Amino acid sequence: MKPKFLVVYLKELRETLRDKRTLALLSLFTLMYPAMLGYMLNHQIKRATKPERDGVEIAVIGAGQAPTLVSQFKQRSITVKDPGALDEAGITALLQAHTYPAVLRLSDKFGENYAAMRPARIELWYDSADDNSKQRRDIDDVLDAYGSNVASARLLAHGVSPATLAPIQVQRFDTGTNASRSAVLIGGILGVLFLPAFICCMPTAVDSTAGERERRSMEVLMAQPIRPWELVIGKWLTAASLAIAGVTLELALAHAILSWLPLEEIGMSWSLGWADLALVCLVTIPLCLFAAGLQVALAMNAKSFKEAQSILSIVMLVPLLPGVVVSMMELKTAGWMYMVPMLSNQTLLREMAKGIDVGALPFAMTFACSALAALLAVGFASWRMKSERYVLSV
Amino acid sequence: MIEVHEVRKQFGAVQALGGVSFSARDGQITALLGPNGAGKTTLLRTLVGLLRRDHGTIAIDGVDPEQDPLAVRRNIGFLTDQFGLYERLSTREFLTYFGELNGMAAPDLRRRIDEVSALLGMDDILERRAKGFSQGQRIKVALARTLLHRPRHLLLDEPSRGLDVMSTRALRHALTALRADGCCVIMATHVMQEVTQLCDDVIVIAKGHTVAQGSPEELCRRTGIANLEDAFVSLVGTEEGIAA
């Protein structure tokens, strides 16, 4: 004869798997996050590596009138193209095609004014909505340098030292490295990576407790020859199974994407092998069990599906809190972090991503802290279901 | 055989059961009559061991549901005022679930599902999922669930509500067959015609107390009123109780 909790488990699982809409939503969420993550990082890598691969191009209308300027652009490896005479609409269209970060237009009288030492006008056309401020800065620098070169030469011709024109000299230093910027990024990524443990078990945890109560089938079930703890365990394991499936799938997909991307280009590292990942998935199982246990324990007290859902959506944010606090207070990785469910998983994965050999203890602690919390939650749920007050309210 | 003696149950300041005593014999259908709020649901829940009594004794074939609720429940078919169907399960899967919860083995369970399905005339909905079932179909499935594990005791809360004429006849036929088998059936109902037609014994409870027990004829004789409905009203005390 099948154990009673297994009977409940199989029935709940069958019912859950028949709810196609919920399953579709869950898999969409589970698959979308790694996909979005991959797209975002890929985009960033492309941007970080692009200027080295191909130089900047600039369109200069009437380039023939300023050969010195053109040669200065060339020295800064900015290729100059002359698209021929263009009106305002033509220039706008050119900028929208994203081939040039900016378009220069020299007025027809540029040469004449230049020779007469009157201000010679250069129009700088650009699209501020376009994401190429770094390239525009290069162009600005060339223009500034060109202007001051000409000014210096003219002053020198009049016997004045060009140094008079430069009373101060600004030199910029940027201490931000790619690595420090990506530390914040990877912290955020890892925080969300374990979230399916909480999201995927929610529909089942709610439907098999508060939903069953709302549909008034709970009383019938409790009047069967089955102990309250057997009932709780059956429902708990069903919810946990979904969480385990969801989080494992997501971790595997994220791992495949992160190992495939050349993350070192943006100073990030993902030094995990498939064996490491399997270990991480293994110690994440208790986290799923805890998430399911907590949700069953809370949802069974709600009178309706909707009430349970709103309680759980708030509770779902709680496990994210320790991770947020740690990254906001910029705490160094410490042993106690492996004793907080969810935070322990995040910390473990972060350390492993850096390529640090953490040893066996953090794995054991990560496993144990969630397992203990899961048992407490299930114990509470069983105790609650046995109580007379609960029977009265179903 | 269900024996209840002086059972009391209090929820905070509310006295739900103030002293209920009766015995329901095997091979008889016993009606449980009482206005809404008289304590019928509390009584039934106490009988299956979902609630603990404050005072008194209960013996179901000699077993106290408080001492061994699982043994008692294995021998009870409990039909509540809710059907408790699962929309995403077919009738057969639903019945299999409850059969397994009652510890039935697979071959026996399969045979028994076909038996109760034939008894209640529900072959047409056996493989269908419960979503969209009519009221009559729902109660048939719930009733099939109640009878499935061949319980010796049946606690039925208004089993005939929502049934059409044919289904009511099928139900009556099933209950008569169970009585002939020697089952002990307790049926809470509000339909007096059903009581006179079907029931051998009547328990009247009001405000948590047993007011009377006896056959329908005895109750009429005792109150001196020929009509069972009027006799019931007189036993309960006020017309108010019925409206409540």
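Residues numbered from 1 in each chain as written. Chains lettered and ligands numbered in written order. Predicted model: local features only at pLDDT ≥ 70, side-chain atom pairs only at ≥ 80, totals over all residues.

**Here's the deal with the overall build of chain A**
Helices and strands together make up the secondary structure of chain A, namely 17 helices and four strands. Taking 2.2 N^0.38 as the reference for a compact globule, 394 residues should give roughly 21 Å; the C-alpha atoms of chain A span a radius of gyration of 32 Å, well beyond that estimate. Taken along its principal axes, the extent of the C-alpha atoms in chain A is 105 × 45 × 35 Å. Scored against the burial criterion, the 394 residues of chain A give a buried share of 35%. At a minimum sequence separation of 6, the contacts of chain A that also span at least 24 residues come to 76%. (Helix = DSSP H or I, 4+ residues; strand = E, 2+ residues; numbered from the N terminus. Rg over C-alpha atoms; globule rule 2.2 N^0.38 Å. Buried ≥ 20, exposed ≤ 12 C-beta atoms within 10 Å, placed from the backbone. Contact = placed C-beta atoms within 7 Å.)

**Remarks on the overall build of chain B**
Each helix and strand counted, chain B has ten helices and nine strands in total. Computed over C-alpha atoms, the radius of gyration of chain B comes to 18 Å, within 12% of the 18 Å expected from 2.2 N^0.38 for 244 residues, which places it in the range of a compact globule. Principal-axis analysis of the C-alpha atoms places the extent of chain B at approximately 50 × 40 × 30 Å. By the burial criterion, 45% of the 244 residues in chain B qualify as buried.

**Remarks on the interface of chain A and chain B**
Taken together, the contacts link 20 residues of chain A with 23 residues of chain B. In terms of residue count, helix α1 (residues 4-18) of chain A provides more of the side of chain A that touches chain B than any other element does, five residues in total.

**Considering the nonpolar core**
Residues and elements named next belong to chain A. Grouped together as the largest cluster of nonpolar side chains are 145 residues, with contacts concentrated most on C201, A243, C288 and A292. Among the elements that take part in this core, helix α11 (residues 228-260) stands out by supplying 14 residues, more than any other. Discounting chain neighbours no more than four positions away, the residues touching C201 are A239, A240, L242, A243, C288, A291, A292 and Q295. Grouped together as the second largest cluster of nonpolar side chains are 16 residues, V56, F73, L106 and I139 included. (Core = buried A, V, L, I, M, F, W, Y, C linked by C-beta atoms within 7 Å.)

**Observations concerning the pairing of strand β2 (residues 78-81) of chain A**
Along any regular strand the residues' side chains alternate between the sheet's two faces. Residue and element names in this part refer to chain A. As paired strands, strand β1 (residues 56-61) and β2 are joined by four bridges and run parallel to one another. Each residue of the ladder has a partner; that of I58, found in β2, is V80. You can see the chain leave β1, run along helix α3 (residues 67-75) and come back into β2, and the turn it takes is right-handed. (Pairing = 2+ DSSP bridges. Right-handed = clockwise from strand over helix to strand, strands pointing away.)

**What about the environment of N227 of chain B?**
Residue and element names in this part refer to chain B. In this fold, N227 is placed in the loop between α8 (216-223) and α9 (228-236). Overall, the presence of 12 C-beta atoms within 10 Å leaves N227 in the exposed class. N227 sits eleven residues away from P216 along the chain, and the two C-alpha atoms are 9.5 Å apart.

**Here's the deal with the domain arrangement of chain A**
Often, the extent of an interface is quoted as the loss of accessible area on bringing the components together. By the assigned domains, chain A splits into domain 1 (4-46 + 179-393) and domain 2 (54-165). Using only C-alpha atoms to locate each centre, domain 1 of chain A and domain 2 of chain A end up separated by 57 Å. (Domains from an automatic or database assignment.)

**Considerations on the sheet that holds β1 of chain A**
Residues and elements named next belong to chain A. The sheet built from four strands is open, its strands ordered β2-β1-β3-β4 with mixed pairing. Either end of the sheet is taken by a strand with one partner, and the two such strands are β2 and β4 (122-126). Neighbouring strand axes in the sheet, compared pairwise and without regard to direction, differ in orientation by 25° on average. Contacting β1 and β2, α3 crosses the sheet at an angle of about 145° to β2. (Axes fitted to C-alpha atoms, helices over the stretch in contact; angles between N-to-C directions.)

**Side note on the pairing of strand β8 (residues 201-206) of chain B**
Residue and element names in this part refer to chain B. Of all six residues making up β8, six are buried, and the element is well covered by its neighbours. Side-chain alternation along β8 places D201, I203 and I205 on one buried face and V202, V204 and A206 on a second face that is also buried. With four bridges connecting them, strand β3 (residues 28-33) and β8 associate as parallel partners. Within β8, the residue paired with L32 across the bridge is I203. Here β8 runs beside strand β9 (residues 209-214); their pairing, made up of five bridges, is antiparallel. Within β9, the position partnered with A206 by the bridge is H209. Hairpin remark: β8 followed by β9, antiparallel, with two residues in the connecting loop; positive phi at K207, about 50°.

**As for the packing of helix α9 (residues 202-214) of chain A against helix α13 (residues 305-315) of chain A**
Residue and element names in this part refer to chain A. Where α9 meets α13, the closest approach of the two axes is 8 Å, and the angle between their N-to-C directions is 145°. Read as a crossing pair, α9 and α13 show a hand that is right-handed. Contacts between α9 and α13 involve M202, V206, A210, G211 and E214 on the former and, on the latter, F305, E307, A308, Q309 and L312. (Left-handed = near helix turned anticlockwise from the far one by under 90°.)

**What about the packing of α11 of chain A against helix α12 (residues 274-299) of chain A?**
Think of two packed helices as two axes; the pair is described by the angle between the axes and how far apart they sit. Residue and element names in this part refer to chain A. Packing of α11 against α12 leaves a shortest axis separation of 8 Å and a crossing angle of 140°. Crossing angle aside, the handedness with which α11 passes α12 is right-handed. The segment α11 lies against α12, with V232, K235, W236, A239, A240, A243, I244, V247, T248, L251, A252 and H255 engaging L277, V280, C281, T284, I285, C288, L289, A291, A292, G293, Q295 and V296. A breakdown of the residues in the contact of α11 with α12 according to their chemical character gives 18 nonpolar, five polar and one charged. (Nonpolar A, V, L, I, M, F, W, Y, C, P; charged D, E, K, R; others polar.)

**Observations regarding the confidence of the model for chain A**
Residue-level pLDDT values for chain A average 87, and 96% of them are 70 or greater. For chain A, the element scoring lowest by mean pLDDT is helix α7 (residues 178-193) of chain A, at 68; α1 of chain A scores highest, at 95. (pLDDT = per-residue confidence, 0-100.)

**So, unusual backbone geometry**
Residue and element names in this part refer to chain A. For S77, which is not glycine, the phi torsion reads 50° and is therefore positive. Looking at where S77 falls in the secondary structure, it is placed in the loop between α3 and β2. Classification of S77 by C-beta neighbours within 10 Å gives exposed; the count is 11.

**Some details on the confidence of the model for chain B**
Residue and element names in this part refer to chain B. Mean pLDDT over chain B works out to 88, with 97% of the residues at or above the 70 mark. At the level of individual helices and strands, chain B shows its lowest average pLDDT in helix α10 (residues 240-243), which scores 43, and its highest in helix α3 (residues 91-101), which scores 96. Counted against residues more than four places away or in other chains, residues 240-244, with its pLDDT under 50, gives nine contacts.

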